[in-house]
Amino acid sequence: FLLTCKWTLSHCRNVALTHSGLHVMLCLQVNTNGFLSVAEPPAESEYLGKMPAKFGIIAPFLGDLDTSDGIGKVYFRQDNSPDVLQKITEKITQAFPHEGEVEPTHALIVTWENVIAHGVPERGDDLNKKRSTFQLVLMSTELSTYAILLYPKDDLQYYSTLVEGERKPVEVGFSKGLTQGWFSWRSTQGSSLFFLPLRLTNSGRRGVWVYHIGSSTFQSVTPGQVTTVAPEDGAPVQSVTEIPEPTYSEPYFEEYETPDYPPYEPSYTQAGYPLSPRSQQPAQIQPNNPQVVIVEEEEEDLNVNVFSYYETCSTNRHKCSSFAECRDYTSGYCCHCKPGYYGNGKDCVADGKPQRINGKVKGRIFVGSSPTPVEFSNNDLHSYVVANDGRAYVAISTIPASVGPSLQPLSSIGGVIGWAFALEQPGYENGFSVAGGVFTRQTEVTFQPGGEKLTISQEFKGIDEHDHVVVSTHLEGSIPEVPEGATVQIDPYYEIYQYSSNLITSSSTRDYTVTLPDGSTQTLVYLWRQSVSFQSCPHAEGSRSIPPSQQLSVDQVFVMYDSVNQLIRYAMSNKIGSVNGTPQQNPCYTGRHGCDTNAVCRPGQGNQFTCECAAGFRGDGRTCHDIDECIETPQICGAHAVCNNQPGTFRCECIEGFQFASDGHTCVQVDHPINHCERGSHDCDIRERAQCSYTGGSSYICSCLPGFSGDGRSCQDIDECQTDRCNRDAVCYNTQGSFTCQCRPGFHGDGFTCTPESEREKTACEKHRESMLATSSGGYFFFRPRPAVGQYVPICDSYGEYEPTQCHSSAGQCWCVDRNGQEIPGTRTGPGSRPMCLEHSVFPTVFGPTTRPDANLVSPGTNLLFAQSGKIDHIPLDGTNMKKEEAKTVIHVPDQVVIAVAYDCVDKMVYWSDITQPSISRASMQGGQPAAIIIKDLGSPEGIAIDSLSRNLYWTDSILDRIEVSRLDGRHRRVLFDNDLINPRAIVADPANGRLYWADWNRDGPKIETSNMDGTDRIVLVKGDLELPNGLTFDHHSRQLCWADAGTRKVECIDPYTRLRRKIVDGVQYPFAIVSYGRNLYYTDWRRESVVAVDRVAEREVDQFLPQKRSRTYGITTSFPQCPEVNYCSSDNGGCSHLCLPRPGGFTCRCPTLNNGSCVERDQNF
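Residues numbered from 1 in each chain as written. Predicted model: local features only at pLDDT ≥ 70, side-chain atom pairs only at ≥ 80, totals over all residues. Heavy atoms only, no water.

1. A closer look at the overall build of the chain
Selection criterion: Secondary structure follows DSSP: runs of H or I at least 4 residues long count as helices, runs of E at least 2 residues long count as strands, and numbering of each begins at the N terminus. The cut-offs for exposure are 20% and 50% of the maximum accessible area for each residue type, with area from a 1.4 Å probe on protein chains only; residues under the lower value are buried, those over the upper are exposed, and the others partly exposed. Two residues qualify as a contact provided that any one of their heavy atoms is within 4.5 Å of a heavy atom in the partner residue. Under the convention used here, a 1.4 Å probe and the Shrake-Rupley method define accessible areas, while residue burial counts only the protein chains that appear.
For the chain, the helix and strand inventory stands at nine helices and 83 strands. By residue count, 53% of the 1166 residues in the chain fall in the buried class. A separation of at least 24 residues holds for 54% of the contacts in the chain among residues at least 6 apart in sequence. With the model as given, the accessible surface of the chain reaches about 51000 Å², and the carbon-plus-sulfur share is 49%.

2. Quick notes on the sheet that holds strand 61 (residues 909-914)
In a beta sheet, neighbouring strands pair by backbone hydrogen bonds and run either parallel or antiparallel. The test is simple: DSSP calls a pair of strands paired once it identifies at least 2 bridges connecting them. Lines fitted to C-alpha atoms define the axes, with helix axes restricted to the stretch in contact, and inter-axis angles between N-to-C directions lie between 0 and 180 degrees.
Across the sheet, four strands lie side by side as 60-61-62-63; this open sheet has antiparallel pairing. Strands at the two margins of the open sheet, each flanked by one partner only, are strand 60 (898-904) and strand 63 (931-934). Going from strand to strand, the sheet's axes swing by 30° on average, the running direction of each strand aside. Relative to strand 63, strand 62 (residues 919-924) runs antiparallel, the two sharing three bridges. Counterpart to Ile920 in the pairing with strand 63 is Ile934.

3. Quick look at helix 2 (residues 82-95)
Let me state the cut-off plainly: Here the expected span of a helix is defined as 1.5 Å times the quantity of residues minus one. Throughout, the arc means the angular range of directions from the helix axis out to the C-beta atoms.
Between its first and last C-alpha atoms helix 2 spans 20 Å; for 14 residues at 1.5 Å apiece the expected length is 20 Å, and the two agree. Listing the buried residues of helix 2 in full gives Val84, Leu85, Ile88, Thr89, Lys91, Ile92 and Ala95. For helix 2, the buried positions fall inside an angular range of 165° around the axis, keeping them on one side.

4. Points about unusual backbone geometry
Looking along the chain, the bond that leaves Gln448 and enters Pro449 is cis, with omega of 5°. Structurally, the position occupied by Pro449 is in the loop between strand 28 (438-448) and strand 29 (453-463). Omega for the bond connecting Gln917 with Pro918 falls within 30 degrees of zero, at -15°, which places this linkage in the cis form. Structurally, Pro918 is set in the loop between strand 61 and strand 62. Located in the positive-phi region is Lys908, a residue other than glycine, with phi close to 55°. When you line up the elements, Lys908 lands in the loop between strand 60 and strand 61. Classification of Lys908 as partly exposed rests on a relative accessible area of 21%.

5. What to know about the sheet that holds strand 70 (residues 1007-1012)
The strand order across the open sheet built from four strands is 68-69-70-71, with neighbouring strands paired in antiparallel fashion. Only two strands of the sheet have a single neighbouring strand rather than two, namely strand 68 (984-990) and strand 71 (1019-1022). Between one strand axis and the next, the sheet turns through 30° on average, direction left out of account. In this structure, strand 68 lies alongside strand 69 (residues 995-1000), joined through five bridges in antiparallel fashion.

6. Let's talk about the side chain of Ser919
By the secondary structure assignment, Ser919 is in strand 62. The exposure class assigned to Ser919 is buried, which follows from its relative accessible area of 3%. Those residues within four positions of Ser919 in sequence are excluded, and the remaining contacts are Trp912, Ser913, Asp914, Ile934, Ile935, Leu938 and Pro941.

7. Let's talk about the pairing of strand 76 (residues 1071-1077)
Along strand 76, seven of the seven residues are buried, which leaves the element largely enclosed by surrounding structure. In this antiparallel pair of consecutive strands, strand 76 and strand 77 (residues 1080-1085), the connection spans two residues, and Gly1078 shows a positive phi of 60°.

8. A word on the pattern of salt bridges
As a reminder, the rule being used: Just to be clear on terms, a salt bridge is a Lys or Arg side-chain nitrogen sitting within 4 Å of an Asp or Glu carboxyl oxygen.
As enumerated under the stated definition, the model contains 40 salt bridges in all. With its nearest N and O atoms 3.0 Å apart, the salt bridge here joins Glu1161 to Arg974. One end of the pair, Glu1161, is in the loop between strand 82 (1146-1150) and strand 83 (1162-1165); the other, Arg974, is in strand 67 (residues 974-977), with 187 residues separating them in the sequence. For Arg1061, the salt bridge identified is with Glu1052, shortest N-O distance 3.0 Å. Overall, Glu1052 belongs to the buried group, its relative accessible area being 5%. One network of salt bridges, with partners in common, ties together Asp937, Arg962, Glu964 and Arg973.

9. Points about the pairing of strand 24 (residues 355-367)
Along strand 24, the buried face is formed by Gln355, Ile357, Gly359, Val361, Gly363, Ile365 and Val367; none of Arg356, Asn358, Lys360, Lys362, Arg364 and Phe366, which line the opposite face, is buried. As defined by bridge partners, strand 24 adjoins strand 25 (residues 374-386) across ten bridges and the pair is classed as antiparallel. For Arg356, the partnering residue across the bridge sits in strand 25 and is Tyr384. Linking two consecutive strands that pair antiparallel, namely strand 24 and strand 25, is a turn of six residues; a positive phi of about 60° is found at Gly368 within it.

10. What to know about the packing of aromatic side chains
Each aromatic ring pair is specified by the distance between its two centres and by the angle formed by the two planes. Spelled out, the test is: Note on aromatic pairs: the rings of Phe, Tyr and Trp (six-membered ring only in Trp) are paired at centre separations within 6.5 Å, and the planes decide the class, stacked below 30 degrees, edge-to-face beyond 60, tilted for the rest.
Enumeration according to the criterion identifies 24 aromatic pairs in this entry. Considering the side-chain rings of Phe61 and Tyr158, the 5.8 Å spacing of their centres and the 70° angle between planes classify their relative orientation as edge-to-face. Here Phe61 is found in strand 5 (residues 57-62), whereas its partner Tyr158 is found in the loop between strand 10 (145-150) and strand 11 (160-163), with 97 residues between them in sequence. Looking at Phe61, the relative accessible area reads 0%, which means it is buried. The buried category is assigned to Tyr158, whose relative accessible area is 8%. Among the aromatic residues, those joined into a ring-pair cluster are Phe61, Trp112, Phe134 and Tyr158.

11. Some remarks on the confidence of the model for the chain
Rules: In predicted models, pLDDT denotes the confidence assigned by the predictor to each residue on a 0 to 100 scale.
Residues of the chain with pLDDT of at least 70 account for 82%, and the chain-wide mean is 79. Per-element mean pLDDT across the chain ranges from 32 in strand 19 (residues 284-287) up to 96 in strand 65 (residues 952-957). Low pLDDT, under 50, characterises residues 13-25; the predicted model gives this stretch 42 contacts beyond four residues in sequence or across chains. The low-confidence segment residues 776-789 (pLDDT under 50) makes 29 contacts with residues lying over four places distant or belonging to another chain.

12. Details of the nonpolar core
Definition in use: What is meant by a nonpolar core is a set of buried Ala, Val, Leu, Ile, Met, Phe, Trp, Tyr and Cys residues, joined one to another through side-chain atoms within 4.5 Å.
Counting 62 residues, the largest nonpolar core has Leu407, Leu410, Ile417, Trp419, Phe421, Ile479 and Tyr570 as its most contacted members. By residue number, the principal contributor to this core is strand 35 (residues 549-562), which donates five residues. The next biggest cluster of nonpolar side chains, apart from the first, holds 36 residues, and it includes Trp912, Trp1001, Leu1028 and Ala1073.

13. Observations concerning the state of the cysteines
Basically, it comes down to this: Only a pair of cysteine sulfur atoms within 2.5 Å qualifies as a disulfide here.
Scanning all chains against the criterion turns up 22 disulfides. Here Cys334 is linked by a disulfide to Cys537, with a sulfur-sulfur distance of 1.8 Å. Disulfide Cys334-Cys537: the torsion about the S-S bond is -90°, which places it as left-handed. One end of the pair, Cys334, is in strand 21 (residues 332-337); the other, Cys537, is in the loop between strand 34 (521-533) and strand 35, with 203 residues separating them in the sequence. Cys537 gets classed as partly exposed once you look at its relative accessible area, which sits at 29%. Paired by a disulfide, Cys1129 and Cys1140 hold their sulfur atoms 2.0 Å apart.

14. A short note on helix 9 (residues 764-774)
Each turn of an α-helix holds 3.6 residues, which means side chains three or four residues apart point in the same direction. The complete set of buried residues in helix 9 reads Cys765, Glu766, His768 and Met772. Seen from one end, helix 9 has its buried residues packed into an arc of 160°, which puts them on one side.

15. Some thoughts on the environment of Cys1123
Structurally, the position occupied by Cys1123 is in the loop between strand 80 (1116-1119) and strand 81 (1139-1143). Separated by 174 residues in sequence, Cys1123 and Leu949 have C-alpha atoms that sit 8.4 Å apart. What Cys1123 contacts, discounting residues up to four positions off in sequence, is Cys905 and Val906.

16. Some thoughts on the environment of Glu632
For clarity, the threshold we go by: As used in this structure description, the phrase polar contact means that two N or O atoms lie within 3.5 Å; if the pair is within protein, one of them must be able to donate a hydrogen and the other to accept it, and residues adjacent in sequence are counted only when both atoms belong to side chains.
Here Glu632 is to be found in helix 7 (residues 629-632). You can call Glu632 partly exposed: its relative accessible area is 44%. If we skip the residues at most four places from it in the chain, Glu632 touches Arg618 and Ile627. A distance of 2.8 Å separates polar atoms of two side chains, one belonging to Glu632 and the other to Arg618.

17. Quick word on the environment of Met1013
Here Met1013 shows up in the loop between strand 70 and strand 71. Sequence separation between Met1013 and Val965 is 48 residues, and the spatial gap between their C-alpha atoms is 9.2 Å. Not counting residues up to four positions away in its chain, the partners in contact with Met1013 are Asp947, Tyr954, Leu976, Ala989, Asp990, Pro991, Gly994, Arg995, Leu996, Leu1141 and Pro1142.

In structure tokens form, the structure reads like this:
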């Protein structure tokens, strides 16, 4: 039978109760979530992440799994054929060599094939999703049952799934009641089954685990007794003595910790069922939830081999590179790169195309006699290889001076990259051609004469979605000290690589010369031993011959420690060829050919050669340009797909609602339930009059909002004024969905209660005015000190409120005030001029179920800009509504991780920060290439703010723990703050009032701070009830500072001047960045992988945009068609020579931190 979707299917069997002679009917439940149970399982929320289970269960791989994409499937069958039972018997006998003869009667075989983790982010081609295949076999005898769990090589590609938004390890085990016989993939105790199941065993065979379940009382579950791996192809017997804990690579900026799971000691108690099949009964479908299940009668020729796993191209083609072809052999399949590409078939790259390698470095190193190690914690490693001449460049960042100079001799930390992409001599292959992009390297370095030892462990993880090779490096041990200021020279050297099945080894002795600062030199030596392990394809070994020994020649070695930028740099030229032969002199083999870096050199006779642009590039070979396949061949990706161009290649992605079929090319419609309310494809009335409520499946209901009547698809306003809702001395005004009451002239009140004007209490403005008029002498001022010429008397409007513009007639000065009469900083003008003050917009109080429309107007031509890893997308706005159908990518930088985004409305430029390089870059929205403006002295720039009026750029750095400012082109950098900062991230500016705001999500003391934009008057604005304030935005119309907190899961706002704070919405999932526009707030959410719109007046979520390519959304901002008003620095940089930094009532001329003496600082007040 074939089982798909989120379903459980019952398989009923007639079984014997041991020693009783009785037979009972037992129904086993096969579940798509990777388990088999003896009772109908409860809802997923009752057992996922909450193991041990409270019902009888055998779980080979339990998690939130998904088979609904048409690729993943679950097969099960009952089998009593002699050949299958014989195979099973052999495995049981091998696992339990001391038990007597096993006489099987029946077997139940369940296979979960190519299942994915439910809810994983989409990364383009669905075939690139990580998939897992595993199998459970239950074999019954007359007296007992055996369970066999099989994990095929290379077919477990993930070890955790998302459960309620959190990453939980996959779990494995047997359970009945509260049996503590349960294990998660992360446990370090209990049965060895639950760690690295592909490599370890209890049956003598890798990936095969056998358990004796026992009699009907289920009192004991005994694991197999053979923990040594049977020899294969003459290999020595391997004993499983230590089981390492698997490691997890979590995405960057993951703010929640990986949950810890308590280990369980294996202890098995009673479970009243034997698993002895007698006869097959008709299948009964037992759904967990109302979704469609497909149950098909098994075809006669479908024979899912118990111990063989679909080793044909028909079911494994997706495991090959898109630049490879799959070939079937007698014993299985293999992947082979197509002409013009090289690799092992699972990873293929174009001939001659430069390669990028990115990764992280961890570990610790003792330097010299120091008792304290230098810690490495996710230091960035970046490498660039010019493949057509074998030149490799490697840089590791954030290397302190205490260890940097001493790392110079270790050029081969990156030397494995040189070997992987070395220039190949005729008949020889570099490391990538042999092993592809997935292999591990273990290295031991012994220094002479001191005997210091360093181990280097490197795991190459293949090619990511940006076509970059990913590597993780771990350093552990000690190295001799190289004094600061000393340089190291490494002469050309050779290494001999010995090749065997799935293993490559080499060793050498290497000399290096240290030149000390005083000019003296010292020649030292170290011993080098390394091994590279990888998985080749065994089925085609006869068709491919790799020389047993190859020589790597390395010359032009360059090493340097850059103390200013804390970088260790290595560079070297690499060639792979014969151990004894003379190197070829053709320029293609020496690398001295002059071909473009994106070209391959084709050798001719003698020293003749030609240059040919690599696949995906066009030109004469001396100069090559990228081919934009998406423009030149618009239909290259087929129907229902979008094409994204990348250097030298392109990527097809199915649009929302579609996914790749098994051929990897055709986009087919996804048979998923659709939430029409969330997607916006419902037929309810507009959201101002009705709401759409999702009811499950693809169903929904429409209902009118309070204040409206109708069927939900057509709603009409209810005129509340027809029912005399207001006071008799008030006038009723009907509004859409609501109404207002306003007392008539001569009366005062809220409209429900009106009293004569003579009886109402005076307003604050009226009391203030009366007190000034009653004062017999001048000198008292409500605002800050001003010239004592006459007396200031406030002006009140017809409602008794403060007029927005207040003036001092004697002094000739005017200024703007807020609703409370407080002066708005930076608005005071001199004689003869009046400031442009915003109206306070005093409206009658609104009553009824909805809030009145906000008074903020939005201008046409505004867009949202938001970041998704290596790109920036834009969404046009129609008012405050997102025009989702017009969303598109405007900037594509696939080698970067874009975090913060900001916009300059003057030059129409978008700015962003990248944490991989790290750098701050910009590009014109009207076209042009991205340009990095700041690349040095950066740690992790996570927040940026643009002052378009003053032409300045502000940013936070969470590694260097400081806030800096510069001109928009990156010149004149100045550190504003470098103290009392732990994790600064979001930053936002209010240039019109000269104020700066930023958030620090320090877990021990999160806070939101503010200062003047010149760095003066720094204060803590918000301290309490904060956890992870990620996003920050300032709305200059309402003067509200708003933030999104991923810890408290709230969106809140505060008036920085009155300190009035209010909650907008709570229960959000994981907000990262936020921006204000009109009455809406827009924030990006990591878990929802979307842009969410919130009405801050109605205090509710109103819309959501889901990008076609689902991944984490980062920074967000708005792009305006016009700029706001000017400030003090807008004209001629305020007369400053370098930095003009505004502040309330004036500005400050500031100098860069590195001042050459040509800059003069001064303050200017107005």
